[in-house]
Structures are given as structure tokens and as C-alpha cells.
Amino acid sequence: MKYILVTGGVISGIGKGIIASSVGTILKSCGLQVTAIKIDPYINIDAGTFSPYEHGEVFVLDDGGEVDLDLGNYERFLDIRLTRNNNLTTGKIYQSVINKERRGDYLGKTVQVVPHITDAIQEWVMKQARVSVDGDGVEPQICVIELGGTVGDIESMPFIEAFRQFQFKVKRENFCNIHVSLIPQPSSTGEQKTKPTQSSARELRGLGLSPDLIMCRCATPLETSVKEKISMFCHVEPTQVICVQDVSSIYRVPLLLEDQGVVSYFCERLNLPVGIRPRRMLAKWKEMADRSDRVLEQVSIALVGKYTKLADSYTSVVKALEHSALAINHKLEVKYIDSADLEPTALRDEPVKYHKAWQKLCSSQGVLVPGGFGVRGTEGKMLAISWARKQNKPFLGVCLGMQLAVCEFARNVLGWEDANSTEFNPESQHPVVIDMPEHNPGQMGGTMRLGKRRTIFKPIPSVLRRLYGNVEYVDERHRHRFEVNPELIHHFEKRGLRFVGQDEDGERMEVIELEDHCYFVGVQYHPEFTSRPIKPSPPYFGLLLAAAGKLQGYLNKGCCLSPRDTYSSGSGNSSPEADIIEFKFPLLS
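Residues numbered from 1 in each chain as written. Predicted model: local features only at pLDDT ≥ 70, side-chain atom pairs only at ≥ 80, totals over all residues. Heavy atoms only, no water.

**A short note on the state of the cysteines**
Heads up, the condition is: Two cysteine sulfurs form what is called a disulfide whenever their separation falls within 2.5 Å. The buried label goes to any residue with under 20% of its type's maximum accessible area, the exposed label to any with over 50%, and the partly exposed label to all in between, with areas taken from a 1.4 Å probe on protein chains only.
Tallying each qualifying case throughout the model produces zero disulfides. As a non-bridged cysteine, Cys243 has Cys218 as the owner of its nearest cysteine sulfur, 3.7 Å distant. Residue class for Cys243 comes out buried when judged on its relative accessible area of 6%. Left unpaired, Cys518 is separated from the closest cysteine sulfur, that of Cys362, by 15 Å. Owing to a relative accessible area of 32%, Cys518 belongs among the partly exposed residues under this scheme.

**Some remarks on the nonpolar core**
Just so we agree on the cut-off: Throughout, nonpolar core names a set of buried Ala, Val, Leu, Ile, Met, Phe, Trp, Tyr and Cys residues whose side chains join them through atoms within 4.5 Å. Per the convention used, a helix needs a DSSP run of H or I reaching at least four residues, while a strand needs a run of E reaching at least two, with both numbered from the N terminus. The contact definition used throughout considers only heavy atoms, calling two residues in contact when any of these lie within 4.5 Å.
With 52 residues, the main nonpolar core has Ile4, Val23, Leu27, Ile178, Met215 and Phe266 as its most contacted residues. Per element, the largest residue contribution to this core is six residues, and it comes from helix H1 (residues 16-28). Apart from the residues within four sequence positions on either side, Ile4 is in contact with Val23, Leu27, Ile142, Cys143, Val144, Ile145, Cys176, Ile178, Phe266 and Leu270.

**Comments concerning the packing of helix H14 (residues 351-362) against helix H15 (residues 378-390)**
Which entries qualify depends on this criterion: Convention adopted: a line fitted to C-alpha atoms gives each axis, helices being fitted over their contacting stretch, and angles between N-to-C directions are expressed from 0 to 180 degrees. Each crossing gets its hand from how the near helix is turned against the far one by less than a right angle, where anticlockwise is left-handed and clockwise is right-handed. Residue classes follow a fixed rule: Ala, Val, Leu, Ile, Met, Phe, Trp, Tyr, Cys and Pro count as nonpolar, while Asp, Glu, Lys and Arg count as charged, and any other residue, Gly among them, counts as polar.
Where H14 meets H15, the closest approach of the two axes is 11 Å, and the angle between their N-to-C directions is 35°. As H14 packs across H15, the resulting crossing turns out to be right-handed. Across the interface between the two elements, Trp358, Leu361 and Cys362 of H14 pack against Leu383, Ala384 and Trp387 of H15. Split into classes, the residues belonging to the contact of H14 with H15 amount to six nonpolar, no polar and no charged.

**Considering the sheet that holds strand S8 (residues 213-218)**
The condition that has to hold: Paired strands are those between which DSSP finds at least two bridges.
Spatially, the seven strands line up as an open sheet ordered S5-S2-S6-S1-S7-S8-S9, and their pairing is parallel. The two strands at the open ends of the sheet, each matched to only one other strand, are strand S5 (87-89) and strand S9 (241-245). On average, each strand axis in the sheet is inclined to that of its neighbour by 20°, with strand direction left out of account. Bridging between S8 and S9 involves five bridges; their strand directions are parallel. Each residue of the ladder has a partner; that of Cys218, found in S9, is Gln245.

Right under this line is the structure:
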């Protein structure tokens, strides 16, 4: 097993996740089996109770793990399926060690950060690195480990110390450290500054880890003199200083690393079993990057949510939209709308924001209402849903978005004026959305219906089922505490709102579709979590097709794209061996 540790310096949010994913991608393109681990130094057990404004979205895995959004990057780039144990936090480690101490596993010894915490970190990494992530049971050959935060943070010290020891335990030829640092370029001088990187690398070496590669994040390509200066003061060869400048698309990052000889360096440094052969997977990335740069037609989607001030709050949603837009040769424009700005109170208090929000909504070609929690902004979301329904605009509701679509229909079509979710109004006379029996109101973390669950399609006409390839069922990831009230569904179906997908017991409503509408779909699950660059999620794909005016043509052709829109057969697939024959739906496992 080979281990590649990715650390960061100067500032957080520098792009370690994309770089770690890209390193894994280029190694996987060489035919190697790759897994990934993300370490978050915070004391939380997992990311499930975070506000999206803290660390961005909460990404959900097949096993129900609520994890950092970087694991979403790993899954999308490497096309793998991770588990909750691939996200390691300080809270998990301390909980594990304290549980052992309570059981008496340490035989009365004093439990300390060194060696007990550091040993637990190393054991966790070594055990998890061997878990198969490709669904084929094959043990990975390389584990890319991203350490969150920046070098020098007090909370990450036990992890740095653990890896200082770890490099000797697994031997030098099996361990490599990439340090990601920032090269600022002040506008006053335009000169690339190396001092922050020098200080960061010096601090890392002082803690016992010596970087093998220094990846420099910068606005423009590094000048040769700057590379040489970093090499001189950071104790590496000039070829070990890698420039990762801003690029037009994240699909270009693996290509950027490959062009600078990163694979060749790893082959020599880690003695990797890589032969000289065409890397077909990277051809796919190049084709995607080229397509992303050259598309001219644009499609606009209004994203109506409550966390719109931070784009990372909806990372997977936006990526799923991008994958679908790219598949139909369109450039995506996302119009972020704070749902509270659509409400009548905004007209009274902040009329400028109110009119701008409605102008954005009315000028969009499609409407998306993603998941969320809490009552704030829900009335605005229902106003947006009502507008999309009445104007025959393509609409997709995800999780809470689906529930609010049901509430809106109940109010405006069935005439139930107080229809609501018991999450927002427990006293409603028409509780069309109710909490689930297994919901534990006394505890927040890990009490939702989480992870991969099966949705069974009813044997009735359904647009979404056709987009999935006329399958009988799909397995998608969930994250919710509330569900549509099954006792009331017959009222909706009489008026044209059909529940075309249910859980295996036929009790939980999973998919809604509105009759006589160009595309009005709601799903209780989160399809964005399984979307991939070359395998877009069908609900999002349908939204983009409808917004671009191509949905009916796509369905009439038997769910096939035109030759102009398909990826070439030589572009490769994200598994080491397989090749893509044709871009056709469904391509979901």
C-alpha cells in the first residue's frame, strides 16, 4: 500500500480537495486502484449537524455517513463509493480511544495524545486504506489522504505527529507528502511572493514532515525564477515545485498535473507498478475540459434556496447541473435566489431585493428548489414552485423541494389554505408532510433517514422512469426527517399530481410528477450525490433537457443524445479498464 498525504499551508480553502482528487485521478488513469481519506481536525463526530455556512454542504454516502464535501469531490473525480470511515475527525478518534479506555483496553495505563491518539490515527488510516471502493472487492493500491486545515493549527497537531511517525512505520518508499501552498500576487506590484510558502514549508519540516512535492496555487503560471527560489528555500528540486494556476475548468487540473510530470515523479518516488501505455481516462478529462471551454449555448437555472450566500452550500447540486449542461453542450448559468427575498415581507422591507429576486426567477429557463431545513424562506420557495407550475416552466424539487411542491399544490389546487409540513406548523389542519416514526426529536445527529435506499417505480407512464432507462427501481441516497403523508395522496392523484415512485414497502412517497406539464418533478432523495461528470444524474439531466427545449426530442429518440452531444468512444471511462462506447442513459450502477 502506498500513501500520499496532502497538507495545506498559508490559508484554508486553498484547493487541497481538488488537488487530492486530481492526483488520484491521474494515478487511476494509469490502471491503479485508488482510495481516499479526508481528515477533519474538528471535534464534531461528523458533519451532519453543521450549518452549510460553516463548511459548505453536508455530503451523504451510501452507508448514510454525513461527511465533508471533499468526499464528494473524491467520488466524482474517481468514480468510487466511499464509506463514513473515509472521513476521519478528531471527535471520532477521541471517542474511539475513550471507549477503549472505558473498556479497560489500556490495562490501567495513562492514556495520552502520544502514543494512544497518534496510534489510533495510524491504525484507522491503515485499516480504511485497504477497504475496496470500486464495488469489485479489489483492495486499493494507493491511498490519498487529505489533512484539512493548515499546517500549524493547534487542532491538527496530533495528526501531523501521527504522520511523522507513520512515514517510518510504512517506510519511505511507501509514503509521500504533497504540500499545497499559496503564492500571492499583490495587485500593487504584480510580483509573485514566495515568503508565505517558505514559512509554511519550514514549519512543516519543523514538525517532522518534509514535503516531496510543493504544489503552488497561484493566479497565473509560476515564473521560472520564482520556482527556483521556492526550490532553494524549501529543500526540493525545481521539478518538485508544481504550478497549479487558476484554470477555466476543474477538469483541467488533472491534465495540468500530468503535464508537469507528477505521474513520472510518483512512479520513481513510490516505485509504482505503472507501465507505459495510453492513459485513456485522461483523454476523457481533456474532452470534457475542451467541451466546457467551447460551448456557446447557455441555459439558466434559478436555484431557490436559503443558503445562497455561500456557493459551497450547494456544491453537489451545482456540479450535477454542470454535468447535465455539459452533456447537452450547453454552458450553465446558475441564478442564486434567496427564497426569503421572494416573500411579500421582502417587498415591504427591502423592495429592491424583492424585485431583483423575481426578475432573476422570471428570466430563468428552469427552477430548482434543493433540500434544506427550517422554516425560514419556505414561503418564498412555494411562491417559486407556484410560478413554475403555472407558467409551465421546468421544475425540479429535491427533498424539501419535493415536500414544498406537495404543500403548494395542496394550497393552490386542492384549496387547503393551511396545508403545511408539521416541521413548520405542527397545528396544521392539513398536515401533508409529517415526521417519520423513526425520527428522534431529542437528538439531532444521525437521526434522519440516511444513505442509499431503494425507490420502486409504479407501472404507470413516467418521464423520470424513462430518463432512468425504464428500470423498475433505482438506489439513491437520502437525508430527511419528514415525508409526504401517505394517507392524503389519493387527493393529489385525483387532480393530476402523481406519485410515481415509492419505497420498497409502498408507504413512503419518493417521486412526484405533474401531468400536462413540460417537466415538473420532485424527488425525496438527493440524486446530486451520485452524479458523475460523464454520467449525469437523470432528474437533473431531465431538468436541463427541458430547460433547453430538448426533452421531448430526447425521449422520442429512445433516450439517446445526438452524435454532436455524445462523448467519443476513445475518451475512456473513469474505471481503469473499461472504455465508453456511447453516452447513453441510464449509466447508473
